[in-house]
Amino acid sequence: MYDCIVIGAGIAGAVAARKLAEEKGKRVLVLERRDHIGGNCYDERDEHGILIHNYGPHIFHTGMEDVFTYLSRFTDWYLFGHEVVAKVGDGLIPVPFNLNTLEMVYGEKAGPLAAKLKKTYGEGSRVPIMKLRESEDPDIREIAQYVYENIFLQYTMKQWGQKPEEISPEVTGRVPVLISHDNRYFQDQYQGVPKDGFTAMFERILDHEGITVRCGVDCKEVLSIREDGVSFEGQPFDGDVIYTGALDELFDCRFGRLPYRSLEFQFEHYDTDSWQGHSVVNYTVSEDFTRITEFKFLTGQQDADGTTIVKEYPFAYTGAEGEIPYYAILNEENRALYEKYRGLTGRLERFHLLGRLAEYRYYNIDAMVKKAFELTEQM
Ligand code: FAD
Ligand code: UDP
C-alpha cells in the first residue's frame, strides 16, 4: 500500500515526505508519535490566544535561496532582522557582542579598541570567542575576557553544565564576536517566522494526495526494524524508510543512552502589552534560566490582549517519561557511541537516517530542509 514510510513529522520528515510524494510519485506514510505534526517547530495558540512555540522559540533564517523559495510555496512570511539582548547588571547589551556592544561597555575607549579589532581580524569578520581569547594583545585579551565572563561563561554552564572551553568549539562558534555594527543574531539574508505560524506551514507541506499522516503512533508499534530487515504491520517491507527519531531508542538503548541536554519550558502570561519589550533576552550572568522569549515580539501578533513569555531551564536528559532530547552533546566519546548504533543499520540499504536526532547533530531548520532535499534526490 505504501512505497515509503517516514518516521517523524518534524521539518526533516515533512519535507522528505512531500518531496517523495510530489516529485517521485511515491505513496508515503508518515508516522508521528506526538499528537501533532511539526516536531519541535510546532506552535499553537495558548489559552489566552497568544501564539506560542511549545518546544522553544524558533526563528527561521537562511541564506539558501532554494530552501527559502521552496518553503515560500507553503507560507507567507513575517520577516525581520532577529535581535537578541543580554541582561548584564542593570543593562541590556546586544548579542552577539559587536561594535555597538563595545561602545556601550567601553564608552570613550571604544574607538581605538574597535580600530584594533578591525585591523587584527578585518572589518565585518566573525571571530569565535575561543579564538579571541588566544590573542596576545592585552587590549584584545581584555575584551575577550569581558565577553567570556559576561556573555559565555554562565550561559554555557547553564545550557551545557560545562565551561565554554569544555564543549565543542562549533557550539560557541555559532555566536561569534562581530567586528561590525550589526546587532542581528544571525547574518542570513532571510529571517522571520511563517505568517500564520509554523504549524500551518507544516499542514500545507503535508497536504498532498500521496501522503498519509498518522499522529499518535510510535513507529515501534507498527514497524519492526532488525539488522537484517524491516517489517510493517507484521509483513516484510522492502520500500524506503526514513527515520528521524533518536537512533538509540530504535535499538532499545542496548549500548546505553546517547547523551543529550534537555530543557524545561516555563510559560507565564501577563495582562500587559509588553513584558520585556524584546523578543529574546539572554540571561548571561544571573538566574537559573538561560533566556526569556516574549512571543508577541517574535511573531508580530496583534490580535490578542496580554502577553506570554517563556523561560528556558536546561538539564541533563535522562530518558525519563516526558523528557525530550533537545541538544546532542558533541564530543568524541558520544560520536563513537552514535556510530556503534549506526553500525546496526549498515545492512539495511533502504533505511535512511535523517534529522537532528537520527544523525545526532545540531541542525538549523534550513540545513534540515536542505538535507531532506539531498537525501530524497538520491532515492
Ligand atoms: P524534530 O523537530 O525533533 O522532529 C522529529 C519528530 O520525530 C518529532 O515530532 C518526534 O515526535 C518524532 N519521533 C521521534 N521518534 C519517533 C518514533 N519512534 N515514532 C514516531 N515518531 C517519532 N532552528 C532554527 O533554524 N531556528 C531556531 O530559532 C531554532 N531554535 C531552536 C530552539 C530550540 C530550543 C531547539 C531545541 C532547537 C531549535 N532549532 C532552531 C532547531 C530546530 O528545532 C531543528 O532544526 C528541527 O526541529 C529539526 O527537525 P527534525 O525533523 O530533525 O526533528
Ligand atoms: N551562548 C552563550 N551566551 C549567549 C548565547 C550563546 O554562552 O548569550 C553559547 C552557549 O554555549 C550556546 C551556544 O553559544 O549553547 C550557541 O548559541 P545558540 O543561540 O546558537 O544556541 P541554540 O539555543 O540556538 O542552540
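Residues numbered from 1 in each chain as written. Chains lettered and ligands numbered in written order. Predicted model: local features only at pLDDT ≥ 70, side-chain atom pairs only at ≥ 80, totals over all residues. Heavy atoms only, no water.

### Observations regarding the overall build of the protein chain
Put simply, the rule reads: Secondary structure elements follow DSSP: runs of H or I of four or more residues count as helices, runs of E of two or more count as strands, with numbering from the N terminus. The atom set for the radius of gyration is the C-alpha atoms, and the globule formula is 2.2 Å times the number of residues raised to the power 0.38. Exposed residues in this analysis have more than 50% of their type's maximum accessible area, buried residues have under 20%, and partly exposed residues fall in between, with area computed by a 1.4 Å probe over protein chains only. By the convention used here, residues are in contact when the closest approach between their heavy atoms is within 4.5 Å. Working definition of accessibility: Shrake-Rupley area with a 1.4 Å probe, residue cover restricted to the visible protein chains.
Across its full length, the protein chain carries 13 helices and 22 strands. By the compact-globule yardstick of 21 Å for 379 residues, the protein chain fits well, its C-alpha radius of gyration being 22 Å. Projected onto its principal axes, the C-alpha positions of the protein chain cover 75 × 50 × 40 Å. Within the protein chain, buried positions represent 56% of all 379 residues. Of all intrachain contacts in the protein chain linking residues separated by at least 6 positions in sequence, the fraction that spans at least 24 positions is 71%. With an accessible surface of roughly 17200 Å², the protein chain has 45% of that area assigned to carbon and sulfur atoms.

### Side note on the packing of helix α4 (residues 110-121) against helix α6 (residues 138-160)
This is how the line gets drawn: Every angle, taken between N-to-C directions, lies between 0 and 180 degrees, and every axis is a line fitted to C-alpha atoms, over only the stretch in contact when it is a helix. Geometric relationships in this document are graded by angle, where less than 35 degrees denotes roughly parallel, more than 145 denotes roughly antiparallel, 65 to 115 denotes roughly perpendicular, and other angles denote oblique. Each residue is assigned to one of three groups, with Ala, Val, Leu, Ile, Met, Phe, Trp, Tyr, Cys and Pro labelled nonpolar, Asp, Glu, Lys and Arg labelled charged, and all others, Gly among them, labelled polar.
In the contact formed by α4 and α6, the axes pass within 10 Å of each other and the chain directions differ by 100°. Of the possible angle classes, the one that applies to α4 and α6 is roughly perpendicular. Residues Leu113, Lys116, Leu117, Thr120 and Tyr121 of α4 touch α6, and the partners they reach there are Asp139, Ile140 and Ile143. Residue classes in the contact of α4 with α6 are distributed as five nonpolar, one polar and two charged.

### Structural notes on the nonpolar core
As a reminder of what qualifies: To qualify as a nonpolar core, a set must consist of buried Ala, Val, Leu, Ile, Met, Phe, Trp, Tyr and Cys residues joined through side-chain atoms within 4.5 Å.
Counting 49 residues, the largest nonpolar core has Ile5 and Leu223 as its most contacted members. For Leu223, the contacting residues outside a window of four places in its chain are Ile5, Ile7, Leu31, Val230, Ser231 and Phe232. Residues Ile11, Ala16, Phe60 and Tyr70 belong to the second largest nonpolar core, which totals 39 residues.

### Regarding unusual backbone geometry
In this chain, Val95 is followed by Pro96 through a cis amide linkage whose omega measures 0°. Counting through the fold element by element, Pro96 comes out in the loop between β8 (91-95) and α3 (99-106). Even without being glycine, Glu233 reaches a positive phi, approximately 50°. Of the residues examined, Glu233 reaches a relative accessible area of 48% and is grouped as partly exposed. Here the phi dihedral of Tyr360 falls at roughly 50°; this positive angle occurs in a residue that is not glycine. Under the relative-accessibility criterion, Tyr360 is labelled buried at 1%.

### Thoughts on the sheet that holds strand β17 (residues 260-270)
Which entries qualify depends on this criterion: Any two strands are treated as partners once DSSP identifies two or more bridges connecting them.
Read from one edge to the other, the open sheet built from seven strands follows the order β8-β7-β18-β19-β20-β17-β21, with strand pairing classed as mixed. Either end of the sheet is taken by a strand with one partner, and the two such strands are β8 and β21 (327-328). By the bridge criterion, three bridges tie strand β19 (residues 291-294) to strand β20 (residues 307-316) in an arrangement that is antiparallel. Bridging across to β20, Glu294 finds its partner in Ile309. With respect to the sheet, α6 is in contact with β7 (84-88), β8, β17, β18 (280-282), β19, β20 and β21, its orientation differing from that of β17 by roughly 100°.

### With respect to the pairing of β7
Counting buried positions over the five residues of β7 gives four, a clear majority of the element. One ladder, built from five bridges, connects β7 with β8; its direction is antiparallel. Each bridged residue has a counterpart across the sheet, and for Val84 the counterpart in β8 is Val95. Taken together, β7 and the strand that follows it, β8, pair antiparallel across an intervening segment of two residues, in which Gly89 is found at a positive phi of about 65°.

### Here's the deal with the site of ligand 1
Quick note on the threshold: Throughout, near means a residue has at least one heavy atom within 4 Å of the molecule or strand. Two N or O atoms count as a polar contact when they lie within 3.5 Å, although within protein this holds only if one can serve as hydrogen donor and the other as acceptor, and sequence-adjacent residues are included solely when both atoms are side-chain atoms.
As a matter of local geometry, ligand 1 sits amid 32 residues, with Glu32, His58, Ile59, Tyr363 and Ile365 nearest to it. A distance of 3.0 Å separates a nitrogen atom of ligand 1 from a polar atom in the side chain of Asp218. At a separation of 3.0 Å, a nitrogen atom of ligand 1 approaches a polar backbone atom of Cys219. Look at ligand 1: alone it shows 1000 Å² of surface, and the protein chains cover 97% of it. Breaking the shell around ligand 1 down by element, the ones donating at least two residues are α1 (11-24), β2 (28-32) and α13 (365-377).

### Topic: the site of ligand 2
Close to ligand 2 lie 17 residues; Ile151, Trp160, Arg174, Tyr185 and Asn282 are nearest. Trp160 places a side-chain nitrogen or oxygen 2.8 Å from an oxygen atom of ligand 2. A distance of 2.5 Å separates an oxygen atom of ligand 2 from a polar atom in the side chain of Tyr185. Compared with its free state, where it exposes 520 Å², ligand 2 has 95% of that area covered by protein.

### With respect to the environment of Asp218
By the secondary structure assignment, Asp218 is in the loop between β12 (211-215) and α9 (219-222). Separated by 48 residues in sequence, Asp218 and Gln266 place their C-alpha atoms 27 Å apart. A polar side-chain atom of Asp218 sits 3.3 Å from a polar atom in the side chain of Arg33.

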